[in-house]
Amino acid sequence: LFAAVDIEPYIEYIDMPENLRDKYQYFTQADMGKLHESGFSKDFYALEEGVKDYANYLSANAHW
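Reading the values: rules and limits
- Residues numbered from 1 in each chain as written.
- Predicted model: local features only at pLDDT ≥ 70, side-chain atom pairs only at ≥ 80, totals over all residues.
- Heavy atoms only, no water.
- Helix = DSSP H or I, 4+ residues; strand = E, 2+ residues; numbered from the N terminus.
- Buried < 20%, exposed > 50% of the residue type's maximum accessible area, 1.4 Å probe, protein only.
- Areas by Shrake-Rupley, 256 points an atom, 1.4 Å probe, with all protein chains shown as cover.
- Lys, Arg positive; Asp, Glu negative; His and termini not counted.
- Charge placed at Lys NZ, Arg CZ, Asp CG, Glu CD.
- Salt bridge = Lys/Arg side-chain N within 4 Å of Asp/Glu carboxyl O.
- Patch = residues over 30% accessible without salt bridge, like charges linked within 9 Å, V, L, I, M, F, W, Y side chains within 5 Å.
- Phe/Tyr/Trp six-rings, centres within 6.5 Å; stacked < 30°, edge-to-face > 60°.
- Contact = heavy atoms within 4.5 Å.

**Q** Can you walk me through the overall build of the chain in this structure?
**A** In terms of helices and strands, the chain carries 2 helices and 0 strands. Projected onto its principal axes, the C-alpha coordinates of the chain cover approximately 45 × 40 × 20 Å. Split into buried and exposed, the 64 residues of the chain put 3% on the buried side. With the model as given, the accessible surface of the chain reaches about 6,700 Å², and the carbon-plus-sulfur share is 56%. Here the chain contributes 5 positive and 12 negative side-chain charges, whose respective centroids are spaced 7 Å apart.

**Q** When you look at the pattern of salt bridges in this model, what are you seeing that I'm missing?
**A** Two side chains of opposite charge can pair, provided their charged atoms sit close to one another. Per the counting criterion, the structure on display carries 2 salt bridges. The partner of R21 in a salt bridge is E18, with the nearest N and O atoms 3.1 Å apart. Exposure remark for R21: the relative accessible area of 36% places this residue in the partly exposed category. For D22, the salt bridge is made with K23, and the minimal N-O distance between the two is 3.5 Å.

**Q** I would appreciate a short explanation of a nonpolar patch on the surface in the present structure.
**A** Judged by side-chain polarity, M32, L35, F40 and F44 come together as a nonpolar surface patch covering roughly 310 Å² of accessible area. Locating F40 in the fold gives a position in the loop between α1 (33-37) and α2 (47-60).

**Q** How do you make sense of the packing of aromatic side chains when you look at a structure like this?
**A** Each aromatic ring pair is specified by the distance between its two centres and by the angle formed by the two planes. Per the stated rule, a full pass over the model turns up 3 aromatic pairs. Measuring from centroid to centroid gives 5.5 Å for F40 and F44, while their planes differ by 35°, and the two rings are tilted. With centroids separated by 6.2 Å and ring planes inclined at 20°, the aromatic side chains of Y54 and Y57 adopt a geometry described as stacked. Residue Y54 and its partner Y57 are both found in helix α2; the two are separated by 3 residues, about one turn of the helix.

**Q** Hey, could you run me through the environment of A55 in this one?
**A** Checked against the element boundaries, A55 lands in helix α2. A residue is classified by how much of its surface remains accessible, and A55, at 10% relative accessible area, is buried. It is 6.8 Å that separates the C-alpha atoms of A55 and A4, two residues lying 51 residues apart in sequence. Setting aside residues no more than four positions away along its own chain, A55 makes contact with L1, A4 and V5.

Printed below as a string of structure tokens:
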């Protein structure tokens with residue numbers, strides 16, 4: 001997101017609270033096979049492209 005809006009990254013790491021650690025799913029990955037099997041044939045955005053597109057959308061539709 002920082003790269004998409006051309007600002008210097010500032011990331012502050014915060015530990016996962018102890019009482020949530022065993023309730024949080026740390027890894028998720030969609031299986032796109034069913035989508036392709038149903039006939040979807042368009043190309044997907046790379047993550048960076050999708051974030052940039054969404055940031056541009058938010059900026060264009062901002063009401064501040």
